[in-house]
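Coordinate inspection notes
Listed below are the residues making up each chain.
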Amino acid sequence: MQDLQWYPGHMTKARRMMEENKKLVDLVIEILDARIPLSSRNPDIDSLTKGKARIVILAKTDLADPAATKAFLSWFASQGVTPIAVDARQKKSLDRIRDAVKSACREKMERDRKRGILNRPVRAMVLGIPNVGKSTLINSMAGRASAKTGNKPGVTKGKQWICVTFRQGKEVLSVELLDTPGILWPKFEDREVGVRLALCGSIREEILDEKELACSLISLLLADYPEAFNSRYGKEGEDFRNILEETVEGTGHTVVDQREAALHRVLAKIAENRNFLSKGQTFDEGRAAHLLIDEFQGGKIGRITLDHVPERDETKTEAE
């Protein structure tokens, strides 16, 4: 995959907006995709939100591997971040968000109380890369369609304030959410980060080769979720890992070339098993690629997490 350079004009504007409006808020809520909790973190957000109370929300947990989500929650906590895993469709997720907001803003609310200011809304800026589930979560919190939603990145183009009221018995917590457009960084130094973002829909699919992207997904799934992959796309007893282990003698191809060719053979085998034929009666890899990516994004292969929790020595380095 080529180096990915994708920084539309509206994202430059979004970054400026974040910098300008940071002083207006008490809290920053960063939303990450639970399938790629590391790849969906924008490194710019750390510097842009320095000095503000902060919550990290892992969204789309219904699509992510539960064991991996649990491990990532522990990892984020070890980094001094308060993480919450949510499924925006469940009320208990909203309760967790309410409790986290109260905890993060406890000092601010106590200062207000001492000054005789009661029930002043907490102002929070909501940040996240495109298509991370930000608008869906905001709508769920607000109880109505306050923010535009869509399954394509870049739906939210301008800032908007949304008022949210949490009620717990007689206690009322008012929060004013500043929704911002999704923001990506100018260049992905790590090719694999770009692949994961593309697979989860945070980069417009038109700028990538779909078959190449599908081959990357095959490699990831056969490494970490072979049973789910074989069950979904293979015939009884078929193990696609055997194809990856095959080598073609005398081709003069490098190991990388051999690997790429093997991944394409897996894609062709999926097309054969699904009877996807092109006009020339050859197996249609393009159609198989589209199916594979679509079914991954829809959760039909299973609950899958593409990122790995960093090893202990990496954790120590980041914490320092």
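Residues numbered from 1 in each chain as written. Predicted model: local features only at pLDDT ≥ 70, side-chain atom pairs only at ≥ 80, totals over all residues. Heavy atoms only, no water.

A count of helices and strands for the protein gives 13 helices and 6 strands. In the protein, which comprises 320 residues, the proportion classed as buried is 46%. Long-range contacts, defined here as pairs at least 24 residues apart, represent 69% of the contacts in the protein between residues at least 6 apart. Taken as a whole, the protein presents about 16,200 Å² of accessible surface, with 48% of it coming from carbon and sulfur. (Helix = DSSP H or I, 4+ residues; strand = E, 2+ residues; numbered from the N terminus. Buried < 20%, exposed > 50% of the residue type's maximum accessible area, 1.4 Å probe, protein only. Contact = heavy atoms within 4.5 Å. Areas by Shrake-Rupley, 256 points an atom, 1.4 Å probe, with all protein chains shown as cover.)

Let us now look at the nonpolar core. Membership of the largest hydrophobic core comes to 67 residues, with the highest contact counts inside it found for Ile 57, Ile 97, Leu 177, Leu 199, Ile 218, Phe 229 and Leu 306. Sorting elements by how many residues they give to this core places helix 8 (residues 210-224) first, with 8 residues. Not counting the four nearest positions on each side in its chain, Leu 177 is found in contact with Ile 29, Ala 124, Val 126, Ile 138, Met 141, Gln 160, Trp 161, Ile 162 and Val 164. (Core = buried A, V, L, I, M, F, W, Y, C linked by side-chain atoms within 4.5 Å.)

The next subject is the pairing of strand 1 (residues 27-33). If a strand is regular, its side chains alternate between the two faces of the sheet. Across the 7 residues of strand 1, 7 count as buried, placing the element largely inside the fold. Going residue by residue along strand 1, you find Leu 27, Ile 29, Ile 31 and Asp 33 tucked away on one face and Val 28, Glu 30 and Leu 32 tucked away on the opposite face as well. Where strand 1 and strand 2 (residues 53-59) come together, 7 bridges link them in parallel fashion. Bridge assignment links Val 28 to a residue of strand 2, and that residue is Arg 54. Handedness of the crossover is the feature at issue here: the chain leaves strand 1, passes through helix 2 (residues 43-48), returns alongside strand 2, and the resulting connection is right-handed. By the bridge criterion, 4 bridges tie strand 1 to strand 4 (residues 122-127) in an arrangement that is parallel. Residue Val 28 lies in a different strand from strand 4, and its bridge partner there is Met 125. (Pairing = 2+ DSSP bridges. Right-handed = clockwise from strand over helix to strand, strands pointing away.)

Structurally, the position occupied by Arg 35 is in the loop between strand 1 and helix 2. Residue Arg 35 is classed as buried on the basis of its relative accessible area of 2%. Within polar-contact distance, the side chain of Arg 35 engages the side chain of Asp 33 at 2.8 Å. Dropping the residues within four chain positions of it, Arg 35 is found in contact with Lys 60, Leu 63, Ala 64, Cys 200, Phe 296, Gln 297, Ile 304, Thr 305, Leu 306 and Asp 307. (Polar contact = N/O pair within 3.5 Å; in protein donor to acceptor, adjacent residues only side chain to side chain.)

Here helix 7 (residues 191-199) lies mainly inside the structure; 7 of its 9 residues are buried. If you check which residues of helix 7 are buried, you get Val 193, Gly 194, Val 195, Arg 196, Leu 197, Ala 198 and Leu 199. The inward-facing, buried residues of helix 7 contact helix 8 and helix 12 (285-297). Residue Gly 201 follows helix 7 closely and has a positive phi angle near 85 degrees.

Examined bridge by bridge, strand 5 (residues 160-168) and strand 6 (residues 171-179) share 9 bridges and lie antiparallel to one another. Paired with Gln 168 across the two strands is Glu 171, which belongs to strand 6. The antiparallel hairpin formed by strand 5 and strand 6 contains 2 residues in its connecting segment, where Gly 169 sits at a positive phi of about 65 degrees.

A pair of packed helices can be characterised by two numbers: the angle between their axes and the separation between those axes. Where helix 11 (residues 255-273) meets helix 12, the closest approach of the two axes is 8 Å, and the angle between their N-to-C directions is 90 degrees. In this view, helix 11 runs roughly perpendicular relative to helix 12, as classed from their interaxial angle. Facing helix 11, whose interface residues are His 264, Leu 267, Ala 268, Ile 270 and Ala 271, helix 12 presents Glu 285, Ala 288 and Ala 289. Here the contact of helix 11 with helix 12 is built from residues that sort into 6 nonpolar, 1 polar and 1 charged. (Axes fitted to C-alpha atoms, helices over the stretch in contact; angles between N-to-C directions. Parallel < 35°, antiparallel > 145°, perpendicular 65-115°, else oblique. Nonpolar A, V, L, I, M, F, W, Y, C, P; charged D, E, K, R; others polar.)

To continue, consider the sheet that holds strand 6. As summarised here, the arrangement of the 6 strands in space is 3-2-1-4-6-5, forming an open sheet in which the pairing is mixed. The two strands at the open ends of the sheet, each matched to only one other strand, are strand 3 (83-85) and strand 5. Put simply, the sheet's adjacent strands are angled 30 degrees from each other on average, direction ignored. The strands that helix 4 (residues 91-104) touches are strand 1, strand 2, strand 3, strand 4, strand 5 and strand 6; relative to strand 5, the one it contacts most, it runs at about 100 degrees.

Geometrically, a pair of aromatic rings is defined through the distance of the ring centres and the angle of the planes. Taken as a whole and judged by the stated rule, the model has 4 aromatic pairs. Note on Phe 72 and Phe 76: the rings are 6.4 Å apart at their centroids and 40 degrees apart in plane angle, and the pair reads as tilted. One end of the pair, Phe 72, and the other, Phe 76, are both in helix 3 (residues 66-78), 4 residues apart, so they sit about a helical turn from each other. Neither residue differs from the other here; Phe 72 and Phe 76 are each classed as buried. Look at Trp 75 and Phe 76: their rings are 5.0 Å apart centre to centre, the planes differ by 70 degrees, and that puts the pair in the edge-to-face class. For the pair Trp 75 and Phe 76, one class covers both residues: buried. Three or more aromatic residues joined by ring pairs make a cluster, and in this case those are Phe 72, Trp 75 and Phe 76. In this structure, Arg 123 is placed above the aromatic ring of Trp 161, and the distance from its NZ or CZ to the ring centre is 4.0 Å. (Phe/Tyr/Trp six-rings, centres within 6.5 Å; stacked < 30°, edge-to-face > 60°. Lys NZ or Arg CZ within 6 Å of the ring centre and 35° of its normal.)

Take it as geometry only, folks, not as evidence of what the structure does.
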